[in-house]
Amino acid sequence: MSETTERAEVSGGDTAGKKGPMGTAFGVLKTARPRQWVKNVLVLAAPFTAAEITNLTVLRGALIAFVAFSLVASSVYLINDAVDVDADREHPTKRNRPIAAGIVPIPLAYGAAAAFFAAGCAVSLLADWRLLIVLVVYEAIQLGYCFGLKHQPVVDLAIVASGFLMRLIAGGVATGIALSQWFLLVTAFGSLFMVAGKRYAELMLFERTGAKIRSSLKKYSASYLRFMWATAAAILIMSYSLWAFEQEQRVQGSVWSVISMVPFVVAVLRYAVDVDGGNAGEPEEIALKDRVLQVLGASWVVTLVFSYYL
């Protein structure tokens, strides 16, 4: 499920049976998914690719964008779990989520979501009024997903991928840094590549074990999802290559941005091995377990640092 359920499930061991004010407060925090705030570091992409990562003023804007986006994203998680409460109660794992388990009342979940959203909007104004617009658009898209668009083939995948793109844009407007059109495409199709790969892995798991899958996934075939992630991977590599050549022209005399294409492309192809095998159900787990992928990622970052500072 989109920004709402794309990540790890909430375990029942921490919240089940904990009622009362403290248990309810902890349940709200758990539903807000603070572990997922880490993906909001994508707001740093704009200052990093513009070689402004050491500019304290720029970093302040990026930090504001990080906090604001984290709060708004948490509001979406709360609304999603409130909307899906009946379905979650029938699920062997999701029934342990605080709302489904009855620890957090549904009206409180909606109230907390409104508070998180209002807080995020207020924080965004410390950076730039355009950041507020980005957050409102993000919230509207995600709410559309929660209340029905999740059941529309292709649209659901596009919405999931758009969440990452919106983070990149948020970082750009909060820091006043113009984003390369090629890098926007890199983010968009990189996100689509991972999302389609995740759906493909879920479908493969269903075909192998008969495990329960989300209803929207039943509308896809394995061949279609393979076509989608392969197409996204091809456009991703092409867009990154064009961005790298653009950077070489901007930073004259430096070939490191072009060299960065090597670890980037190899990393995409390496990750595609897991996608093709139906093992990309949790992208973050692959990144944490695959040492070769980690080395490639580190090499990519080093080449970009060299391209800006050597």
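Throughout what follows, the structure given in this document is the object of discussion. (Residues numbered from 1 in each chain as written. Predicted model: local features only at pLDDT ≥ 70, side-chain atom pairs only at ≥ 80, totals over all residues. Heavy atoms only, no water.)

With respect to the overall build of the protein
Line of reasoning, step 1. On a plain count of helices and strands, the protein comes out with 14 helices and 0 strands.
Line of reasoning, step 2. Residues classed as buried in the protein amount to 49% of the 310 residues present.
Line of reasoning, step 3. In the protein, 73% of the contacts between residues at least 6 apart in sequence involve partners at least 24 apart.
Line of reasoning, step 4. Summed over all atoms, the accessible surface of the protein reaches about 14,000 Å², with 68% contributed by carbon and sulfur. (Helix = DSSP H or I, 4+ residues; strand = E, 2+ residues; numbered from the N terminus. Buried < 20%, exposed > 50% of the residue type's maximum accessible area, 1.4 Å probe, protein only. Contact = heavy atoms within 4.5 Å. Areas by Shrake-Rupley, 256 points an atom, 1.4 Å probe, with all protein chains shown as cover.)

Regarding the nonpolar core
Line of reasoning, step 1. Of all hydrophobic cores here, the largest spans 40 residues; its most connected members are L157, F193, Y200, L225, W229, Y240 and W243.
Line of reasoning, step 2. Secondary-structure elements contributing two or more residues to this core are α8 (155-175), α9 (181-209), α10 (222-250), α12 (261-276) and α14 (291-309).
Line of reasoning, step 3. It is α10 that contributes the most residues to this core, 10 residues altogether.
Line of reasoning, step 4. Not counting residues within four places of it along the chain, the set of residues in contact with Y200 comprises A222, L225, R226, W229, V275, D276 and G278.
Line of reasoning, step 5. Grouped together as the second largest cluster of nonpolar side chains are 34 residues, A32, L135, Y138 and V173 included. (Core = buried A, V, L, I, M, F, W, Y, C linked by side-chain atoms within 4.5 Å.)

Observations concerning helix α6 (residues 106-124)
A turn of α-helix holds 3.6 residues, and therefore any two residues three or four places apart point the same way.
Line of reasoning, step 1. The terminal C-alpha atoms of α6, which comprises 19 residues, lie 27 Å apart, in line with the 27 Å expected from a rise of 1.5 Å per residue.
Line of reasoning, step 2. Burial in α6 covers these residues: A109, A112, A113, F116, G120, C121, V123 and S124. (Expected span 1.5 Å × (residues − 1).)

Thoughts on the packing of helix α4 (residues 56-83) against α6
Line of reasoning, step 1. In the contact formed by α4 and α6, the axes pass within 8 Å of each other and the chain directions differ by 160°. What the angle tells us is that α4 and α6 run roughly antiparallel. As α4 runs across α6, the sense of the crossing is left-handed. Residues I64, V67, A68, L71, V72, S74, S75, L78, I79, A82 and V83 of α4 form the contact with α6, whose own contacting residues are I106, A109, Y110, A112, A113, F116, F117, A119, G120, V123 and S124.
Line of reasoning, step 2. For the contact of α4 with α6, a count of residues per class yields 18 nonpolar, 4 polar and no charged. (Axes fitted to C-alpha atoms, helices over the stretch in contact; angles between N-to-C directions. Parallel < 35°, antiparallel > 145°, perpendicular 65-115°, else oblique. Left-handed = near helix turned anticlockwise from the far one by under 90°. Nonpolar A, V, L, I, M, F, W, Y, C, P; charged D, E, K, R; others polar.)

Details of the pattern of salt bridges
Line of reasoning, step 1. All chains considered together, the criterion is met by 5 salt bridges.
Line of reasoning, step 2. Among the charged side chains, a salt-bridge network with shared partners connects R33, D81 and R97. (Salt bridge = Lys/Arg side-chain N within 4 Å of Asp/Glu carboxyl O.)

Re α4
Line of reasoning, step 1. Over its 28 residues, α4 extends 41 Å from the first C-alpha to the last, a length consistent with the 40 Å expected when each residue adds 1.5 Å.
Line of reasoning, step 2. N-cap assignment for α4: the residue whose side-chain oxygen lies 3.0 Å from the backbone N of T57 is N55. (Polar contact = N/O pair within 3.5 Å; in protein donor to acceptor, adjacent residues only side chain to side chain.)

Describing the environment of Y309
Line of reasoning, step 1. Turning to its location among the elements, Y309 is positioned in helix α14.
Line of reasoning, step 2. Taking C-alpha positions, Y309 is 9.6 Å from S254, a pair spaced 55 residues apart along the chain.
Line of reasoning, step 3. With sequence-adjacent residues up to four places away left out, Y309 is seen in contact with A51, E52, I53 and T54.

Examining a nonpolar patch on the surface
Line of reasoning, step 1. A surface patch of nonpolar side chains, amounting to about 420 Å² of accessible area, comprises L125, W129, I133 and V137.
Line of reasoning, step 2. What makes V137 partly exposed here is its relative accessible area of 37%. (Patch = residues over 30% accessible without salt bridge, like charges linked within 9 Å, V, L, I, M, F, W, Y side chains within 5 Å.)

Topic: the packing of aromatic side chains
For any pair of aromatic rings, the description rests on two quantities: the centre-to-centre distance and the angle between the ring planes.
Line of reasoning, step 1. Scanning the model with the defined rule gives 12 aromatic pairs in all.
Line of reasoning, step 2. Where Y240 meets F264, the ring centres are 3.9 Å apart and the plane angle is 10°; that geometry is what we call stacked. Of this pair, Y240 sits in helix α10 while F264 sits in helix α12; the two residues are 24 residues apart in sequence, bridging distant segments of the chain. Accessibility classification places Y240 together with F264 in one group, the buried group.
Line of reasoning, step 3. Through a chain of ring-to-ring contacts, three or more aromatic side chains come together here, namely F183, Y240, W243, F264 and W300.
Line of reasoning, step 4. One cation-aromatic arrangement involves R167 over F164; the distance from NZ or CZ to the ring centre is 5.8 Å. (Phe/Tyr/Trp six-rings, centres within 6.5 Å; stacked < 30°, edge-to-face > 60°. Lys NZ or Arg CZ within 6 Å of the ring centre and 35° of its normal.)

Some details on the packing of helix α7 (residues 129-146) against α8
Line of reasoning, step 1. Running from N to C, α7 and α8 point in directions that differ by 170°, and their axes come no closer than 9 Å. Judged by the angle between their axes, α7 and α8 are roughly antiparallel. Contacts between α7 and α8 involve R130, L131, V134, V137, Y138, I141, Q142 and Y145 from the first element and D156, I159, V160, S162, G163, M166, R167, I169, A170, V173 and A174 from the second.
Line of reasoning, step 2. When grouped by side-chain class, the residues that make up the contact of α7 with α8 number 13 nonpolar, 3 polar and 3 charged.

Considering unusual backbone geometry
Line of reasoning, step 1. Phi angles above zero are rare outside glycine, and R33 is one such case at about 55°.
Line of reasoning, step 2. With respect to the helices, strands and loops of the structure, R33 is situated in the loop between α2 (20-31) and α3 (45-49).
Line of reasoning, step 3. Classification of R33 as buried rests on a relative accessible area of 5%.

Function cannot be read off these values alone, since they describe shape.
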